[in-house]
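Geometric and topological summary
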Amino acid sequence: MIIKKNYVKELTWRGMLQDIMPGTEDLLNKGMTTGYIGFDPTADSLGVGNLVQIMSLLHFQRCGHRPIALIGGATGMVGDPSGKSAERNLLDENTLNHNLNAQKAQLEKFLNFDCGANSAAIVNNYDWFKDFTFLDFIRDVGKHLTVNYMMAKDSVKSRLESGMSFTEFSYQLVQGYDFYYLWKNHGVMLQMGGSDQWGNIVTGTELIRRKAGGEAFALTTPLIKKADGTKFGKTEGGNIWLDPKRTSPYKFYQFWLNAADADVSNYIRIFSVKEREEIEVLEAEHSAAPHLRLLQKALAEEITIRVHDEDSLTQAKAASVALFGNSIDGLLDLPQATFSEVADSITQFEITASALTQGINIMDLLASSTNICKSKSDAKRAIEQGGISINKEKISDVNLIINTSSIIKGIYILLQSGKKNYYSIKITAA
RNA sequence: GGGGAGAUUCCAGAGCGGUCAAAUGGGACGGACUGUAAAUCCGUUACUUCGGUUUCGAAGGUUCAAAUCCUUCUCUCCCCA
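Here the structure is a predicted model, which means the values were calculated and not measured. (Residues numbered from 1 in each chain as written. Chains lettered and ligands numbered in written order. Predicted model: local features only at pLDDT ≥ 70, side-chain atom pairs only at ≥ 80, totals over all residues. Heavy atoms only, no water.)

1. Some words on the pairing of strand β15 (residues 421-428)
Here is the rule we go by: One requirement defines pairing of two strands: DSSP has to find at least two bridges between them. Where helices and strands are cited, they refer to DSSP runs of H or I of at least four residues and of E of at least two residues respectively, numbered from the N terminus.
As judged from the six bridges shared by strand β9 (residues 347-352) and β15, these two strands associate in the parallel manner. In the strand pairing of β15, Ile-351 is matched with Ile-427. Examined bridge by bridge, strand β14 (residues 412-417) and β15 share six bridges and lie antiparallel to one another. The partner of Ile-413 across the bridge, within β15, is Ile-425. Counting the residues that bridge the hairpin from β14 to β15 gives three residues, and of these Gly-418 lies at a positive phi of roughly 75 degrees.

The structure is reproduced here in structure tokens:
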């Protein structure tokens, strides 16, 4: 396998390189290298926060190297103290397995597992830890690193005051052994990860050096920050997930479309596989006509296809265009099937036809029949402030009774709270 | 073990017997402006059948009246040993 691109240079211009161990670039330029990144199965879906790691594996593979995604079935049982201020709760084995399988399925969508020598692979560290006894571990692994060395890590030092269990203290050894194991058995020479993983990764290279006299390398990606200083990957509604059941493709698409100008250039370098020249052209076009949001659209389209699929993207775009149009007419003109898709892609609630025939007070509709507002007081406030629209028409009467006359397209009512939050109410029989 | 300080609405943090659903700041939400951007400005931020109702670590008590006073309890922080 010929190296297609200089991975380090690639990461550098994409703004994805934080720290790198000396010699890493030479290693990568010498020939196909196997590298891995670990994922923590704390939830049954990966979120956009994990996307940076996934993309570094993807870029890695596109440069001609062989990526391995490690899912932490074993490390997940211990709990990584990095960046955590308090002891973590342990997940039970069933949850862990469920999460692990779900994440595995998501990772499989990104990497190519059938492209010859640099085909990707997924491994689970539980496989080599399940039969590793405690005594063997402390003799074979623990013996090589001193407590002094382990205590010097930031992840440990920062917890010395508040306390940390032996379990979490041991975490770096467990992760360090992963690297050793993969180095020895799978020819893995490089571990990557977020900058908070540097300490854990280095424990791995150190273990390889001391235990086997071998050499291994490391690089980390920076933590993504938004221009306004808030955390990347979260919105009012919470985390943005890759799982369509948790975050619909429409919301996923909207998340990227809403990226601020100040952030979008960074994002597109990280989350798209477009080449530098192409991105720079887009940026030029964007600054010439920022209101067209070409960068945001290009970014949103590419990621939505990669994470979901072409159909989901088409639907998300159709829904976005229809909902953000100026009047209800654009929506009413849609064919019934398309309209239904739009209604289904946004958050949907159901109410019965009979309830609607009797008439429902708008505040009950917002706070009781649905959870668009968290209480009636909240609903009242929203209406008084002009934040609620029905079928794109702003309402001002808090005592408004909603009945069948609000139905559009046969079985729907379109509710909007604020500028961007759309909900559809589906009228069900009886 | 001894001595001190504290626990207030999402967070930080005022309040020191009635004028407190509780200052101020942050966050969040809504509106205006725009490009579904940023910045800015304005408003809102316990629940309610709009009569009231339940909140200030927990449980009691004093009082016409308590976040504010007393008792006990729980937890947190600091100083000395």
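2. Considerations on the nonpolar core
What tends to happen in soluble globular proteins is that the nonpolar side chains get buried as a cluster. Cut-off, in case you're wondering: Grouping buried Ala, Val, Leu, Ile, Met, Phe, Trp, Tyr and Cys residues that are joined through side-chain atoms within 4.5 Å yields what is termed a nonpolar core. Relative accessibility under 20% of the residue-type maximum defines a buried residue, over 50% an exposed one, and the middle range a partly exposed one, all with a 1.4 Å probe and only protein chains included. What counts as a domain boundary in this text is fixed by an automatic or database domain assignment. Residues count as neighbours in contact if any of their non-hydrogen atoms are within 4.5 Å of one another.
Grouped together as the largest cluster of nonpolar side chains are 57 residues, with contacts concentrated most on Val-48, Leu-51, Leu-242, Trp-256 and Phe-271. Looking at this core, you find at least three residues from each of domain 1 (7-221) and domain 2 (234-323). Excluding residues that lie within four positions of it along the chain, Leu-242 makes contacts with Ser-45, Leu-46, Gly-47, Val-48, Leu-51, Ile-54, Gln-106, Phe-110, Phe-252, Val-307 and His-308. If you look at the next biggest cluster of nonpolar residues, it comprises 33 residues, including Val-141, Tyr-149, Tyr-180 and Val-188.

3. Some remarks on the environment of Trp-13
Along the chain, the position of Trp-13 falls in helix α1 (residues 7-13). In this structure, the C-alpha to C-alpha distance between Trp-13 and Asp-92, residues 79 residues apart in sequence, is 41 Å. In contact with Trp-13, not counting residues within four places along its chain, are Arg-269, Lys-274, Glu-275, Arg-276 and Ile-279.

4. Some thoughts on the pattern of salt bridges
Selection criterion: We define a salt bridge as a contact between a side-chain nitrogen of Lys or Arg and a carboxyl oxygen of Asp or Glu at a distance within 4 Å.
Evaluation of the coordinates by the stated rule reveals 17 salt bridges. The shortest N-O distance in the salt bridge between Lys-5 and Glu-10 comes to 3.6 Å. A residue is classified by how much of its surface remains accessible, and Glu-10, at 5% relative accessible area, is buried. Measuring nitrogen to oxygen at the nearest pair gives 3.3 Å for the salt bridge that ties Glu-280 to Arg-276. In this pair, Glu-280 and Arg-276 both sit in helix α14 (residues 276-288), four residues apart, roughly one turn of the helix.

5. As for the sheet that holds strand β11 (residues 388-390)
One open sheet holds the five strands; their spatial order is β9-β15-β14-β11-β12, and the pairing between them is mixed. Looking at the sheet topology across the chains shown, the edges are occupied by β9 and β12 (393-394).

6. Comments concerning the packing of aromatic side chains
What counts, and what does not: Any two of the Phe, Tyr and Trp rings considered here, Trp counted by its six-membered ring, make a pair once their centres fall within 6.5 Å; the pair's planes then place it as stacked at under 30 degrees, edge-to-face at over 60, or tilted in between.
One pass over the structure, following the stated rule, counts 24 aromatic pairs. Ring geometry for Trp-256 versus Tyr-267: centroids 6.1 Å apart, planes at 90 degrees, classification edge-to-face. In this pair, Trp-256 sits in helix α12 (residues 249-257) while Tyr-267 sits in helix α13 (residues 261-271), placing the two residues eleven residues apart along the sequence. Ring plane angle 70 degrees and centroid distance 6.1 Å describe the contact between Tyr-267 and Phe-271, whose orientation is recorded as edge-to-face.

7. So, the packing of α12 against helix α16 (residues 310-323)
Counted only if it meets this: Helix axes are fitted only over the stretch in contact, all axes being lines through C-alpha atoms; the angle between N-to-C directions runs from 0 to 180 degrees. An angle below 35 degrees is treated as roughly parallel, one above 145 as roughly antiparallel, one from 65 to 115 as roughly perpendicular, and anything else as oblique. Handedness of a helix crossing follows the sense of rotation of the near helix relative to the far helix, less than a right angle counterclockwise being left-handed and clockwise being right-handed. Gly is placed with the polar residues, together with every amino acid not listed as nonpolar (Ala, Val, Leu, Ile, Met, Phe, Trp, Tyr, Cys and Pro) or charged (Asp, Glu, Lys and Arg).
Relative to each other, α12 and α16 sit at 70 degrees, their axes nearing to 8 Å. In terms of orientation, α12 and α16 fall into the roughly perpendicular class. Between α12 and α16 lies a crossing of right-handed hand. Two secondary-structure elements touch here, α12 through Pro-249, Tyr-250, Tyr-253 and Gln-254 and α16 through Ser-312, Leu-313, Ala-316, Lys-317, Ala-319, Ser-320 and Leu-323. The residue inventory of the contact of α12 with α16, partitioned by class, reads seven nonpolar, three polar and one charged.

8. Concerning the domain arrangement of chain A
Interface size is often expressed as the accessible area that is lost when the parts come together. Split into domains, chain A comes out as domain 1 (7-221), domain 2 (234-323) and domain 3 (328-428). Using C-alpha coordinates to define each centre, domain 1 is positioned 47 Å away from domain 3.

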